[in-house]
Amino acid sequence: KELKYKRGTNSISIDVPDNVDLKNCALEGQMGDNVFTFSLIDLVEKAEGSESEARLLKKMETLSRFLLKHAKEVIGQFIVGDLSREEAEKVIVEIRNVFNNQSINEEDLIQGITGGEDVSKLTKNQIKQLNELRKSLKAFKTDTQYEFNKLLETVGRNDLKEALEAYSAQTMTVKFNKRVKEIAAKNEKKATTIIDDKQAKIIMGDSQKAMPSCVLWLVNPYDEVDDYSKLDQGEWVGAATLVEPGKTAAVNPWSLKRALMRPVTITNTALKLVRISESDGQRKATVRNVDYGQFNTSIPVLRIDEHPGAVRLALYMMTNSTSAQKSLSDLICGTPELYTPPMVNALYVVMTLSSLVEAQTELDYKNVAGAFMVLLNEMYWKVEGKKENYKYWRAYTKALCETPRKFVSNRDMAQLPDVVRAFIPLTCVHDAYKLEMAEVKNIFFMMFFRMIIEWTSEKFKLSQMFGLNMKEYGKIVDEAVMKDDDAAFIDQESGEVPEISVDYQRLTSMYAMYVVLRDLLKSQSLSIKRMFEGLLNGTVEEGLIMSALRDTKKYVTMTPAEFLGEICDVSAEEGHKIFESMKVLSCHEHTEVKDDLPRHDTKYIFKTLEKYAEPSKLPENVEELRKSYMNTLFKDLKEKTLFQKHKLVKLQEFANKYERLNHENPLEVMRHIMPRLNSCYTFTDDRFETRDDLWGFVENLFYPEEAIAELRALTDETVEAFNFEKWRKN
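Note that the structure is a prediction, hence the values are computed from the model and not measured.

Is there a simple way to explain the overall build of the chain in this structure?
In terms of regular secondary structure, the chain is built from 29 helices and seven strands. Across the 730 residues in the chain, those meeting the buried criterion constitute 49%. Taking the intrachain contacts of the chain between residues at least 6 apart in sequence as the baseline, contacts between residues at least 24 apart amount to 72%. Per element, the accessible surface of the chain, about 38500 Å² overall, is 48% carbon and sulfur.

In this structure, what is going on with the nonpolar core? I would like to understand it.
Most often, soluble globular proteins keep nonpolar side chains buried together rather than apart. In this structure, Leu347, Tyr348, Phe444, Phe445, Met447 and Met531 are the most contacted members of the largest nonpolar core, which totals 151 residues. When sequence neighbours within four positions are dropped, the list of residues in contact with Phe445 reads Leu564, Ile567, Cys568, Ile578, Met582, Tyr612, Ala613, Pro615 and Leu618. In this structure, Leu67, Ala71, Ala88 and Phe99 belong to the second largest nonpolar core, which totals 21 residues.

Looking at this structure, I do not really get the packing of helix H23 (residues 572–585) against helix H25 (residues 618–645). What am I missing?
Relative orientation and spacing of two packed helices are given, respectively, by the angle between their axes and the distance between those axes. The geometry of H23 relative to H25 is characterised by a closest axis approach of 8 Å and an angle of 40° between their N-to-C directions. Between H23 and H25, the angle is such that the two are oblique. Crossing handedness for the pair H23 and H25: left-handed. Mapping the contact onto sequence places Lys577, Ile578, Ser581, Met582, Val584 and Leu585 in H23 and Leu618, Pro619, Asn621, Val622 and Leu625 in H25.

When you look at helix H28 (residues 705–712) in this model, what are you seeing that I'm missing?
In an α-helix, one turn spans 3.6 residues, which is why side chains three or four residues apart end up on the same side. Among all positions in H28, only Ala707, Ile708 and Leu711 are buried. Angular distribution of buried residues about the axis of H28 spans 95°; they occupy a single face of the element. In this structure, H28 carries Glu705 and Glu706 as exposed residues pointing more than 90 degrees from its buried face. Against helix H26 (647–664) and helix H29 (724–729) lie the buried residues of H28.

It is not clear to me how the pairing of strand S6 (residues 258–267) should be interpreted in this structure. Could you clarify?
On any regular strand, side chains alternate: one points to one face of the sheet, the next to the other face. Most of S6 is tucked away, with eight of its ten residues classed as buried. In this structure, strand S5 (residues 237–244) lies alongside S6, joined through seven bridges in antiparallel fashion. Bridge assignment links Val243 to a residue of S6, and that residue is Ala259.

Teacher, can you tell me more about the side chain of Arg312 here?
Take Arg312: it is sitting in helix H8 (residues 308–320). For the buried Arg312, no salt bridge is present, and the opposite-charge side chain at shortest range is Glu378, 7.4 Å distant. A polar atom in the side chain of Arg312 sits 2.7 Å from the side chain of Asn377. Not counting the four nearest positions on each side in its chain, Arg312 is found in contact with Ile203, Asn377, Trp381, Phe532 and Leu536.

Quick question: what am I supposed to make of unusual backbone geometry here?
Backbone phi values are negative for most residues with the exception of glycine, while trans is the configuration of most peptide bonds. Backbone geometry at Ser525 places phi at a positive 55°, although glycine is not the residue there. By the secondary structure assignment, Ser525 is in the loop between helix H18 (505–524) and helix H19 (528–537). Its identity is not glycine, yet Asp569 carries a phi of approximately 55°, on the positive side. Following the sequence through the fold, Asp569 ends up in the loop between helix H22 (560–568) and H23. Among the residues examined, Asp569 registers a relative accessible area of 57% and is labelled exposed.

Where do I start with the sheet that holds S5 in this structure?
In a beta sheet, neighbouring strands pair by backbone hydrogen bonds and run either parallel or antiparallel. As summarised here, the arrangement of the three strands in space is S6-S5-S7, forming an open sheet in which the pairing is antiparallel. The open sheet is flanked by S6 and strand S7 (297–299), the only strands paired with a single partner. Strand-to-strand, the axes of this sheet are offset by a mean angle of 45°, without reference to chain direction. Contacts from helix H11 (residues 362–380) reach S5 and S6, with the element oriented near 100° to S6.

What is the right way to read the packing of helix H7 (residues 197–204) against H8 from this model?
Contact geometry of H7 with H8 gives a least axis separation of 8 Å together with a crossing angle of 135°. As judged from the angle between their axes, H7 and H8 are oblique. For the pair formed by H7 and H8, the contact residues are Gln199, Ala200, Ile203 and Met204 on the first element and Gly309, Ala310, Arg312, Leu313 and Tyr316 on the second. When its residues are assigned to classes, the contact of H7 with H8 shows six nonpolar, two polar and one charged.

Please clarify how the packing of aromatic side chains should be interpreted in this entry.
Here the distance between the centres and the angle between the planes together describe a pair of aromatic rings. With the rule as written, the count across this model stands at 21 aromatic pairs. A centroid spacing of 5.8 Å and a plane angle of 15° characterise the contact between Phe724 and Trp727, whose relative ring orientation is stacked. Of the two residues, Phe724 and Trp727 are both situated in helix H29; the distance of three residues between them amounts to about one turn of the helix. Trp727 carries the same exposure label as Phe724, and that label is buried.

The rules we used
- Along each chain, numbering runs from 1 in the same order as the chain's sequence is written.
- Thresholds applied to this predicted model are a pLDDT of at least 70 for local features of residues and 80 or more for the giving and counting of side-chain atom pairs; totals over whole chains, interfaces and linings are not thresholded and use all residues.
- Note that water and hydrogens are dropped before the side-chain values are worked out from all heavy atoms of the structure.
- Numbering of helices and strands runs from the N terminus; a helix is a DSSP stretch of H or I covering at least four residues, while a strand is a stretch of E covering at least two.
- Burial status follows relative accessibility: with a 1.4 Å probe on protein chains alone, a residue under 20% of its type maximum counts as buried, one over 50% as exposed, and anything between as partly exposed.
- Throughout, a residue-residue contact means that at least one pair of heavy atoms, one from each residue, lies within 4.5 Å.
- For the accessible areas, the method is Shrake-Rupley and the probe is 1.4 Å, while residue cover comes only from the protein chains on display.
- Here the nonpolar core consists of buried residues drawn from Ala, Val, Leu, Ile, Met, Phe, Trp, Tyr and Cys, with membership extended through side-chain atoms lying within 4.5 Å.
- Axes here mean lines fitted to C-alpha atoms, for a helix over just the part in contact, with angles spanning 0 to 180 degrees between N-to-C directions.
- Reported orientations rely on four angle classes, namely roughly parallel under 35 degrees, roughly antiparallel over 145, roughly perpendicular from 65 to 115, and oblique for the rest.
- Crossing handedness: left-handed means the near helix sits turned counterclockwise from the far one by under a right angle, and right-handed means the same turn made clockwise.
- The arc in question is traced by the directions running from the helix axis to the C-beta atoms.
- Two strands qualify as a pair provided DSSP detects at least 2 bridges between them.
- We treat Lys and Arg as the positive residues and Asp and Glu as the negative residues; His and chain ends play no part in the count.
- Here, a salt bridge means any side-chain nitrogen of Lys or Arg that lies within 4 Å of a carboxyl oxygen of Asp or Glu.
- Polar contact is defined as a pair of N or O atoms within 3.5 Å, subject to the rule that within protein one atom must be able to donate a hydrogen and the other to accept it, and that residues adjacent in sequence are counted only when both atoms are side-chain atoms.
- Three categories are distinguished: nonpolar for Ala, Val, Leu, Ile, Met, Phe, Trp, Tyr, Cys and Pro, charged for Asp, Glu, Lys and Arg, and polar for the others, with Gly belonging to the last.
- For this analysis, a ring pair means two rings from Phe, Tyr or Trp (six-membered ring only for Trp) whose centres lie within 6.5 Å, classed as stacked if their planes differ by under 30 degrees, edge-to-face if by over 60, and tilted for the remaining angles.

If you want it as structure tokens, here you go:
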């Protein structure tokens, strides 16, 4: 709206008109004897006369800085969800194109050197200047293009450090910002650690099985090595994987969106050899002439027919070697500085669930089995120097089984920051398989409900969830009350309600894994630990788990209605009713009165799950909530209309009431700082059950006599323009 330019103590301020053509608009301003033209694209002033060499470079520099600033703002909008990944990439590419289209051309260069003379008359010195200027501008343009490509990569891979820098002054929460900086600072202070050759050989162990072989270009880095400490410990062989990071992956790695494994093996460092495009933010690659799908990294998986030591060493390095930790952090967060220990488990859980949803071929199911075997390996494999995880996860599982509602509601990082974290206790700890199936289904019901509660947080008012047209309903009530003070209750038919978009397949795939593994363990009289050990040593056939994984398809492909029908033991039709009811009940405290809708934190989730604990009664709960809500809404709208209809009478009644209250409660001393031990008094003997009730009463007292006199002075003519709410605030 306004463009300002300053030089010393002088300044120009120019109003920018609406609907301007940004590419062609030029605004003129005068400072002293000079006239300046301001372009809304490059914001560089041009004094009358020729452009010098320095001014050309300055023009490019200013243009670059201006456009890069706007590109970073786009990243900020993407981070908080105002723009999708595709929209953000598109806008940044458009901004980059503006830079390319506005760049200095050859004529500008010659004009800058010669002041408009014929190019054929250039002196040797001017030709030398021209060549140097060409080099400078080319280098500058290359650097700027590199910065734009980095920003595109930031969007593609969620580089949180860069994103925070771009968005630190906007709506990113202070708590989140602080936590990310704490993680980066902690990692920066870490001493560099490597896994020495002795420890590496202990972890590798002896096995007659073949090493995982890299079918593309590079051999397994662990094959035929003399000294493991001299290896690049940030490199490993694994399944080619497409990882889509979550926006808060550093603080909560369980928020990873998905990680899809492909049926090809590659080292993670070989990706740069097969990338589709250097400017692609997600660093995607493909195998030419083979339809394996795109991938952007590789992750070690524990395949039953391969040497387990190589995978175990890679996993050990991920948690103990700074080089490997940086590689993992770069994969998940887009920056090597934000490693946190939960990243390993979170990555493999998301890999297992995401790949199970997409699995079609035998190789796909082998990858799923391999990722799940890694989770079991981290749980049950013991070796000198490795942290023991089983005791922690067994206690975690016990808490989930004994107090499921409390546990499922708890969004704390140490409990259940995302429902996918429940995959480990439910499938990797045998205690979970001892639960009654009804208990397990209830846990999944609560987790499904929680996902909806989280998604609707601070989004919708109850009127929206009921499909009400508030403007239309207000008009109907207003017309009825204006005709009759005693107008009866009026209802309104429900219209369209907002769509709910939750990744419910995270739960269907988790439930599928639990059910098929439960059946498998029961049929073979195995514990989950014995199954894991048997698969590795050959006493349990691989075909058993492969057959079980293929059986997951019937659960994974369920719709929300079918899934709720399954876990609530009702038909899919009833499941649909429960699903629709969940949407409404997740917003049960979203009234029209409050401007700020409630944030669905741990307390809100627990309260909702406790209040609406029986799936079969949810439709009835919705009807009760709607009836109560509509009655309250009608009453409020009716009172507002009556107030407007009888405004003068109502205001005089208000004045009478507060004159009486001021007389009964002469608490004038409360208007000032009350001296210690001073007293005040009242003529009434009102009693209050809570402090809130007392202060709710007190805060409505003390309307000054002169303010009440304003109400007394109102007439039939002046009352129409009187703003009662403004008067109360004053």
